[in-house]
Amino acid sequence: NLFAHCSASDNDFWFPVNSSASGYPTVKLFIDGKIIDSKTSEWLDVHNPATNEVIARVPKATQEEMLAAVNSCSRAFHTWSETSILARQQVFLRYQQLIKDNIKELAKNITFEQGKTLADAEGDVFRGLQVVEHACSITSLMLGETLPSITKDMDTYTYRLPLGVCAGIAPFNFPAMIPLWMFPMGMVCGNTYLLKPSERVPSCAMLLAKMLQDAGAPDGTLNIIHGQHDAVNFICDHPAIKAISFVGSNQAGEYIYERGSKNGKRVQSNMGAKNHGVVMPDANKENTLNQLVGAAFGAAGQRCMALSTAILVGEARSWLPELVERAKALRVNAGDQPGADVGPLISPQAKARVNSLIQSGVDEGAQVLLDGRDVKVKGYENGNFVGPTVLGNVTPKMKCYTEEIFGPVLVVLEAETLDDAIKMVNGNPYGNGTAIFTTNGATARKYTHEVDVGQVGVNVPIPVPLPMFSFTGSRGSFRGDMNFYGKQGIQFYTQIKTVTSQWKAEDATLKSPAVTMPT
Ligand code: NAD
């Protein structure tokens, strides 16, 4: 039984056990290898977004608990950082297999707590699994450099070494993938890790932690605390924490970047987005419309790489009615229902915010070509559903364009030429992802060359790089110097020690002190 401590509720998937006085399951802390009940008096409700029922309660960890977690990380660092790289690699080789064996179970947990469809939840786990698989190449990834004979009898070589305790602060939209961007890369380098999952989806990370323990990670190498601002401030301020990986909104990300950096920590902060799909009239129409609709409305638009903005160039403007028809055909339903394409939003507040941004578009002159605000889902009347919505006649000044909507809303702009489209994309403050749809190589090259966005797809709507590359969102979508995973991820989680050594033959020994700077 892999999840003795996170055993099944009366549904057939893993969830925190029912142990609190209130009658709700309570999410535990994971401290020093033990799954423990928090002693806090402050709890937050966790809801099933399809029904809005409270399904669990998550603690705001106390200061003592957070200290115990970071102290556990500090103690474990001494042995884990000295554990052979082959032994660390073995832990992650076993871990990737455990995740692979349990993808469906993890996906069910995600759908219950986060709302996305089961198939999409499997994708969530799978994209995180790929990072774990990549982490297993650590024996090559962590190699240093050498240069022999930099002068007579002298050689220089570098080691990549872990930093110490690292921490991750995760968002709600990818309960598996984003934690898996964080602790496996940090830990395989020899760091120990303190994770704070999103308080809205806290239990998937607990399952992932238990599986890592089952894979052989020693006690204290991964600790999990729960909470909101206090936990975030604790992470930004505690001197033992050397680096922070954050993924989430700009509001939180810029704050964490500033507070963590001021305290001398490395911070990488992946934040919000407004991703444009530029549609050229020479594109493969069928393929492009399907790609656009999938990438705009999949995960109910709650992806930082959702293609939430379309720019139709030239004659491609006439494709709009067909785009709307395809969006209309998507089925809105609870994520665990067969055939569901679009699940609920995370919370009633998220739904209200999305609806108000749609209304702001209407008020500013946009045309609602498809309105998902009144969608009704039979049997799930209290869920946070918004159906696919398409806004036409949008201009760059409108609020529905300047703000990240993070819902199933596609805003459509028009441009005369490719140059006009590029100008529009480069004028937007975000730089997470973009895509161009075309069959012309020169057009594609011009776009990839001139667009100032960190991740570009050519006929690929969501160009999230595989983990041998890095996740390279730019401009307003990122703060920091080194990106997540890939080579940059290794750089982020390691520091370099450069050794210069001289071994002289006996007869070359210096006969007097050398007081000048060596040349
Ligand atoms: P969020 O910023 O609300 O929460 C993320 C984390 O920060 C949570 O753990 C939360 O507890 C904490 N937090 C929230 N508000 C805070 C505050 N004011 N001060 C300190 N900490 C705070 O984000 P979310 O709603 O969970 O996630 C959605 C956002 O994440 C979207 O903007 C999306 O674009 C972004 N995102 C970005 C990427 C990326 O790689 N660029 C990936 C996924 C999501």
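Residues numbered from 1 in each chain as written. Predicted model: local features only at pLDDT ≥ 70, side-chain atom pairs only at ≥ 80, totals over all residues. Heavy atoms only, no water.

Chemist: I would appreciate a short explanation of the UniProt feature "domain: Aldehyde dehydrogenase" (unreviewed entry) in the protein chain in the present structure.
Modeler: The UniProt record annotates "domain: Aldehyde dehydrogenase" (unreviewed entry) at residues 37-499. Counting secondary structure, residues 37-499 comes out at 40% helix and 20% strand; the distance between its end C-alpha atoms is 47 Å. (UniProt positions renumbered as here; feature names shortened; annotations may be inferred. Helix = DSSP H or I, 4+ residues; strand = E, 2+ residues; numbered from the N terminus.)

Chemist: What is the right way to look at the site of the ligand in this model?
Modeler: Around the ligand sit 27 residues in total, of which Ala 170, Glu 199, Ser 249, Met 271 and Glu 404 are the nearest. One nitrogen or oxygen atom from the side chain of Glu 199 is found 2.7 Å from an oxygen atom belonging to the ligand. The contact in question runs from a nitrogen atom of the ligand to an N or O atom on the side chain of His 229, over 3.3 Å. For the ligand, the accessible surface in isolation is 840 Å², of which the surrounding protein chains cover 91%. Looking at the shell around the ligand, the elements that each hand over two or more residues are helix H6 (177-188), helix H8 (229-237) and strand E10 (241-247). (Near = heavy atom within 4 Å. Polar contact = N/O pair within 3.5 Å; in protein donor to acceptor, adjacent residues only side chain to side chain. Areas by Shrake-Rupley, 256 points an atom, 1.4 Å probe, with all protein chains shown as cover.)

Chemist: Looking at this model, I keep getting lost on the side chain of Ser 501. Mind explaining?
Modeler: When you line up the elements, Ser 501 lands in strand E22 (residues 494-502). Accessibility expressed as a relative area gives 16% for Ser 501, which makes it buried. (Buried < 20%, exposed > 50% of the residue type's maximum accessible area, 1.4 Å probe, protein only.)

Chemist: It is not clear to me how the sheet that holds strand E16 (residues 409-415) should be interpreted in this structure. Could you clarify?
Modeler: Backbone-to-backbone hydrogen bonds join strands into a sheet, with any given pair of strands oriented parallel or antiparallel. In spatial order, the strands read E14-E15-E16-E13-E12-E18-E19; together these seven strands make up an open sheet with mixed pairing. Across the chains shown, the open sheet's two edge strands, defined by having one partner strand only, are strand E14 (367-370) and strand E19 (456-458). If you compare each strand with its neighbour and ignore which way they point, the axes differ by 25 degrees on average. By the bridge criterion, three bridges tie strand E18 (residues 434-437) to E19 in an arrangement that is parallel. Among the inter-strand pairings, Ile 436 is bridged to a residue of E19, identified as Val 458. (Pairing = 2+ DSSP bridges. Axes fitted to C-alpha atoms, helices over the stretch in contact; angles between N-to-C directions.)

Chemist: Looking at this model, I keep getting lost on the packing of helix H2 (residues 85-101) against helix H4 (residues 118-135). Mind explaining?
Modeler: In a packed pair of helices, the relevant descriptors are the angle between the two axes and the axis-to-axis distance. One can describe the packing of H2 onto H4 by two numbers: an axis separation of 9 Å at closest approach and a directional angle of 165 degrees. Judged by the angle between their axes, H2 and H4 are roughly antiparallel. Handedness of the crossing formed by H2 with H4: left-handed. Across the interface between the two elements, Phe 92, Tyr 95, Gln 96, Ile 99 and Lys 100 of H2 pack against Val 125, Leu 129, Val 132 and Glu 133 of H4. Looking at the contact of H2 with H4 residue by residue, the class counts come to six nonpolar, one polar and two charged. (Parallel < 35°, antiparallel > 145°, perpendicular 65-115°, else oblique. Left-handed = near helix turned anticlockwise from the far one by under 90°. Contact = heavy atoms within 4.5 Å. Nonpolar A, V, L, I, M, F, W, Y, C, P; charged D, E, K, R; others polar.)

Chemist: What am I meant to see in H2 here?
Modeler: In an α-helix, one turn spans 3.6 residues, which is why side chains three or four residues apart end up on the same side. Here H2 is 17 residues long and its end C-alpha atoms lie 25 Å apart, about the 24 Å a rise of 1.5 Å per residue gives. Along its buried surface, H2 packs onto helix H1 (63-80), helix H3 (103-114), H4, helix H5 (138-141), H6 and helix H7 (203-214). (Expected span 1.5 Å × (residues − 1).)

Chemist: Explain the nonpolar core to me, please; I cannot follow it from the model alone.
Modeler: In summary, soluble globular proteins display a tendency toward joint burial of nonpolar side chains. The biggest cluster of nonpolar side chains holds 69 residues, and the ones touching the most others in it are Phe 92, Tyr 95, Trp 181, Met 182 and Phe 183. Setting aside its immediate chain neighbours within four residues, Phe 92 contacts Trp 80, Val 132, Cys 136, Pro 184, Met 187, Val 188 and Leu 212. (Core = buried A, V, L, I, M, F, W, Y, C linked by side-chain atoms within 4.5 Å.)

Chemist: In this structure, what is going on with the packing of aromatic side chains? I would like to understand it.
Modeler: Remark: the centre distance and the inter-plane angle together describe each pair of aromatic rings, the angle taken between the planes. This model, assessed by the stated rule, comprises nine aromatic pairs. Here Phe 92 and Tyr 95 contribute two aromatic rings whose centre-to-centre distance is 6.1 Å and whose plane-to-plane angle is 80 degrees, an arrangement assigned as edge-to-face. Of this pair, Phe 92 and Tyr 95 both sit in helix H2, three residues apart, which is roughly one turn of the helix. Take Phe 92: its relative accessible area is 0%, and that puts it in the buried class. Their ring planes at 75 degrees and their centres at 5.1 Å tell us that Phe 492 and Tyr 493 sit as a pair that is edge-to-face. Here Phe 492 matches Tyr 493 in class, with each residue buried. Taken together through their ring pairs, the aromatic side chains of Trp 181, Phe 471, Phe 484 and Tyr 485 make up a single cluster. The ring of Phe 174 carries Lys 116 above its face, with NZ or CZ at 4.0 Å from the centroid. (Phe/Tyr/Trp six-rings, centres within 6.5 Å; stacked < 30°, edge-to-face > 60°. Lys NZ or Arg CZ within 6 Å of the ring centre and 35° of its normal.)

Chemist: Before we go on, may I ask you to explain unusual backbone geometry in this structure?
Modeler: When glycine is set aside, most residues are seen to have a negative phi, and most peptide bonds are trans. Within the chain, Asp 153 stands out as a residue other than glycine whose phi angle is a positive 65 degrees. The residue Asp 153 is located in the loop between strand E5 (146-151) and strand E6 (154-162) in this model. Asp 153 gets classed as partly exposed once you look at its relative accessible area, which sits at 27%. With a phi close to 45 degrees, Arg 475 is a non-glycine residue in the positive phi region. Its place among the elements puts Arg 475 in strand E20 (residues 474-475). Arg 475 sits in the partly exposed class, given a relative accessible area of 26%.

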